[in-house]
Amino acid sequence: MSETIIAIDKSSSNINPELRTLHTTCAYCGVGCGVDATINDDTRSITVKGLSSHPSNHGRLCSKGSALADTIGLNERLLRPIVHDKAASWDDALSCVADGFKKVIDEHGPDAVAFYGSGQLLTEDYYVANKLMKGFIGSGNIDTNSRLCMSSSVVGHKRAFGTDTVPGCYEDFEQANVIILVGSNTAWCHPVLFQRIKKHKDENPHVKVVVVDPRKTNTCDIADLHLPVNLGSDVWLFNGLLNFLEKNKKLDLDYINDHCQGLEESLQAAKKSSGDLQQTANTLGVSEQDLKTFYEWFSDNEKVVTLYSQGVNQSSSGTDKVNGITNCHLATGRIGKPGMGPFSMTGQPNAMGGREVGGLANTLASHMDFTEDNIDRLKRFWKTDRLTQTQGLMAVNLFDAIEEGKIKAVWIMATNPVVSMPNADKVKKALQKCDLVVVSDCIEKTDTMDLAHIKLPATPWSEKDGTVTNSERRISRQRALLAPAGQAKHDWWILCQMAKKMGFKEGFNFESAADVFR
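Report on the accompanying structure. All figures in this text were calculated on a predicted structure; none of them were measured in a lab.

Rules used in this analysis
- Residues numbered from 1 in each chain as written.
- Predicted model: local features only at pLDDT ≥ 70, side-chain atom pairs only at ≥ 80, totals over all residues.
- Heavy atoms only, no water.
- Pairing = 2+ DSSP bridges.
- Helix = DSSP H or I, 4+ residues; strand = E, 2+ residues; numbered from the N terminus.
- Axes fitted to C-alpha atoms, helices over the stretch in contact; angles between N-to-C directions.
- Contact = heavy atoms within 4.5 Å.
- Phe/Tyr/Trp six-rings, centres within 6.5 Å; stacked < 30°, edge-to-face > 60°.
- Buried < 20%, exposed > 50% of the residue type's maximum accessible area, 1.4 Å probe, protein only.
- Lys NZ or Arg CZ within 6 Å of the ring centre and 35° of its normal.
- Core = buried A, V, L, I, M, F, W, Y, C linked by side-chain atoms within 4.5 Å.
- Polar contact = N/O pair within 3.5 Å; in protein donor to acceptor, adjacent residues only side chain to side chain.
- Salt bridge = Lys/Arg side-chain N within 4 Å of Asp/Glu carboxyl O.

Notes on the sheet that holds strand S12 (residues 341-344)
- A sheet is described by the order of its strands in space; here 5 strands give the open sequence S10-S9-S8-S11-S12, paired in parallel fashion. Each end of this open sheet is capped by a strand with a single partner; those strands are strand S10 (225-227) and S12. Neighbour-to-neighbour, the strand axes of this sheet turn through a mean angle of 15°, independent of strand direction.
- Judged from the 5 bridges that link them, strand S8 (residues 178-182) and strand S11 (residues 304-308) form a sheet pairing that is parallel.

Some thoughts on the sheet that holds strand S7 (residues 142-144)
- Taken in spatial order, the 7 strands line up as S5-S4-S15-S14-S13-S6-S7 in an open sheet, and their pairing is mixed. Where the open sheet ends on each side, the last strands, each with one partner, are strand S5 (86-87) and S7.
- The sheet contact formed by strand S4 (residues 82-83) and S5 spans 2 bridges and is antiparallel. Within S5, the residue paired with Val 83 across the bridge is Lys 86.
- Against the sheet, helix H2 (residues 90-108) touches S4, strand S6 (113-117), strand S13 (409-413), strand S14 (436-441) and strand S15 (454-457), its axis set at about 130° to S15.

Examining the packing of aromatic side chains
- Counting across every chain of the model gives 13 aromatic pairs.
- Both rings, one in Phe 173 and one in Phe 343, keep their centres 5.3 Å apart while their planes meet at 85°; by these two values the pair is edge-to-face. Of this pair, Phe 173 sits in helix H5 (residues 170-173) while Phe 343 sits in strand S12, placing them 170 residues apart in sequence. Of the two residues examined, Phe 173 and Phe 343, each falls in the buried class.
- Here the aromatic residues Phe 238, Phe 244, Phe 294 and Tyr 295 are joined through ring pairs into a cluster of three or more.
- Between Lys 131 and the ring centre of Phe 508, over which it is positioned, the NZ or CZ distance is 5.3 Å.

Thoughts on the pairing of strand S2 (residues 34-40)
- The buried fraction of S2 is high, at 6 of 7 residues.
- When strand S1 (residues 19-25) meets S2, the two strands line up antiparallel, connected through 7 bridges. Of the residues in S2, the one forming a bridge with His 23 is Asp 36.
- As consecutive antiparallel partners, S2 and strand S3 (residues 45-50) are separated by 4 residues, and within that stretch Arg 44 has a phi angle of approximately 50°, a positive value.

Quick notes on the nonpolar core
- Core analysis: the biggest nonpolar cluster contains 53 residues, and Phe 101, Phe 115, Leu 132, Trp 411 and Leu 456 have the highest contact counts within it.
- When neighbours within four sequence positions are excluded, Phe 115 is seen to be in contact with Phe 101, Ala 129, Leu 132, Met 133, Ile 137, Asn 141, Ile 142, Asp 143, Leu 398, Trp 411, Met 413 and Leu 495.

Concerning the environment of Cys 260
- Mapped onto the elements, Cys 260 comes out in the loop between helix H9 (253-259) and helix H10 (263-274).
- A relative accessible area of 26% places Cys 260 in the partly exposed class.
- Counting along the chain gives 71 residues from Cys 260 to Ala 331, while the straight-line C-alpha distance between them is 8.2 Å.

Details of the pairing of strand S17 (residues 475-478)
- The alternating pattern of S17 places Ser 476 and Gln 478 on a buried face, while none of Ile 475 and Arg 477, on the opposite face, is buried.
- Taken together, the 4 bridges between strand S16 (residues 466-469) and S17 define a ladder with antiparallel strand orientation. The residue bridging Val 468 from the neighbouring strand is Ser 476, located in S17.
- Connecting S16 to the antiparallel partner S17 that follows it, the hairpin turn spans 5 residues, and Arg 473 within it adopts a positive phi of roughly 65°.

Details of the side chain of Asp 143
- With respect to the helices and strands, the residue Asp 143 is situated in strand S7.
- Residue classification places Asp 143 among the buried positions, given a relative accessible area of 0%.
- Separated by 2.8 Å, the side chain of Asp 143 and the backbone nitrogen of Ala 361 make a polar contact.
- The contacts of Asp 143, once residues within four sequence positions are left out, are Phe 115, Tyr 116, Gly 117, Gly 359, Leu 360, Ala 361, Leu 393, Met 394, Ala 395 and Leu 398.

Overview of the pattern of salt bridges
- Applying the stated criterion to the full structure yields 30 salt bridges.
- For the salt bridge of Arg 44 with Glu 463, the shortest nitrogen-to-oxygen distance reads 2.7 Å. A residue pair is termed long-range when its members are at least 10 positions apart, and Arg 44 in the loop between S2 and S3 and Glu 463 in the loop between S15 and S16 qualify at 419 residues.
- Look at Glu 463 and you get buried, because its relative accessible area is 1%.
- Among the ionic pairs, Glu 356 bridges to Arg 473, the shortest N-O distance being 3.8 Å. Placement of the pair is Glu 356 in helix H15 (residues 351-356) and Arg 473 in the loop between S16 and S17, with a sequence separation of 117 residues.
- With relative accessibility at 18%, the residue Glu 356 sits in the buried group.

Observations regarding the environment of Arg 380
- Along the polypeptide, Arg 380 turns up in helix H16 (residues 372-382).
- Among the polar contacts listed, one links the side chain of Arg 380 to the side chain of Asp 376, at a separation of 3.1 Å.

Put into structure tokens, the structure is as follows:
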């Protein structure tokens with residue numbers, strides 16, 4: 001009697017493949033939306049929807065988040081290490097990186113090397129990169145493309161609060177009576193937050209929305225008042241508001257006396273720059289009546305949030321704009337309470353995580369500045385005697401130093417500065433002149449990758465595992481949906497192997513992203 005063997009044809013439409021569902025976080029912007037991902041391991045495909053239980057988006061996704069499933073293809077992926085245009089093993093590639101960095105450091109000192117990171121890195125990646133550069137190589141030369149969108153807020157926060165502190169959260173938007181949107185086409189750039197604001201306004205018709213923008217954008221569709229101020233005039237607008245609040249006795253003197261300093265100097269500066277209402281309106285290029293309406297709405301409503309984005313941050317006077325906004329909230333005590341406060345809407349998905357663990361050249365770690373006690377604290381925590389004593393070069397200056405030959409080896413992670421940096425042609429020429437350019441990324445062909453001597457395949461969003469921090473400083477999990485493709489490795493792992501090859505084994509014995517997080 002013969003035995004019959006029946007095999008299951010997995011391609012049959014009658015057989016449903018086994019599916020897995022994981023919760024993760026969108027990688028596109030600083031809103032930090034929760035994602036419900038269903039994974040088909042047989043076809044290496046996913047479907048996504050908004051995670052209804054996530055407090056950032058409550059199930060909403062914008063067009064980019066909804067298209068996350070389209071980003072996981074392998075056609076354009078870098079899937080193996082390449083050294084001088086030839087495929088190499090990971091061991092050989094990392095040995096070349098380590099030997100190249102050690103040679104430059106031995107000949108020119110630690111400040112002749114640099115890392116340039118990205119808001120696409122997870123917090124664990126950022127932590128290891130910062131620890132390696134500042135703590136063990138001994139240079140402050142690690143900066144990030146988040147510098148381009150967040151540095152104004154960082155400095156503004158430090159001026160106002162003494163630390164890079166975010167004084168509000170998304171729930172404040174839905175408890176405010178006046179919502180001011182400054183330098184932001186929120187409808188396009190942060191559509192999930194825009195929908196939360198729109199829903200709040202629809203359900204509460206008394207809520208006033210003010211849009212401050214030279215352009216009339218889609219965000220104005222929900223505006224009760226649009227102030228098309230002249231380009232770059234935001235400081236005059238908010239100095240004028242501070243002046244108006246003082247004249248109309250709307251300052252919270254008890255709060256100021258208990259918590260603030262510098263009021264008189266700020267008021268004097270506001271009076272000098274703003275003048276009377278008509279003068280301010282003329283400077284701004286808006287009608288006196290519209291300006292008065294805005295000032296009265298702010299003055300008469302305790303629950304006011306002022307949301308700002310790149311129209312404020314990406315400005316030659318961005319930090320002053322941030323402080324102009326913050327001053328009005330501090331002077332009226334409208335900060336640190338539900339439904340009120342200034343708030344920066346972030347562009348990069350993990351700009352906050354990078355700031356938390358020291359991914360900027362002008363901070364050590366954990367928002368600590370370069371002071372003697374902080375340096376001593378971090379040296380003890382990291383068990384190192386090589387910790388840098390001074391801050392490093394920030395993004396623009398870093399690439400200038402490469403162009404000038406002062407930095408001779410650079411490692412660029414998860415970003416494309418030849419496209420994204422100001423004066424991109426100069427950045428391209430700088431990298432063309434650099435002795436050693438290392439790029440770790442998931443994409444094989446980018447303008448920056450084309451200039452790399454050593455190319456390292458890193459995992460993308462769908463394969464990364466760790467944490468990210470959103471605009472309101474909420475930490476969310478980013479889970480690996482798929483196994484790393486080809487020979488791709490996580491950024492934290494790549495950095496740890498590099499550190500060990502440079503002789504720093506004891507500080508980098510991490511076995512997982514969870515080890516780094518702990």
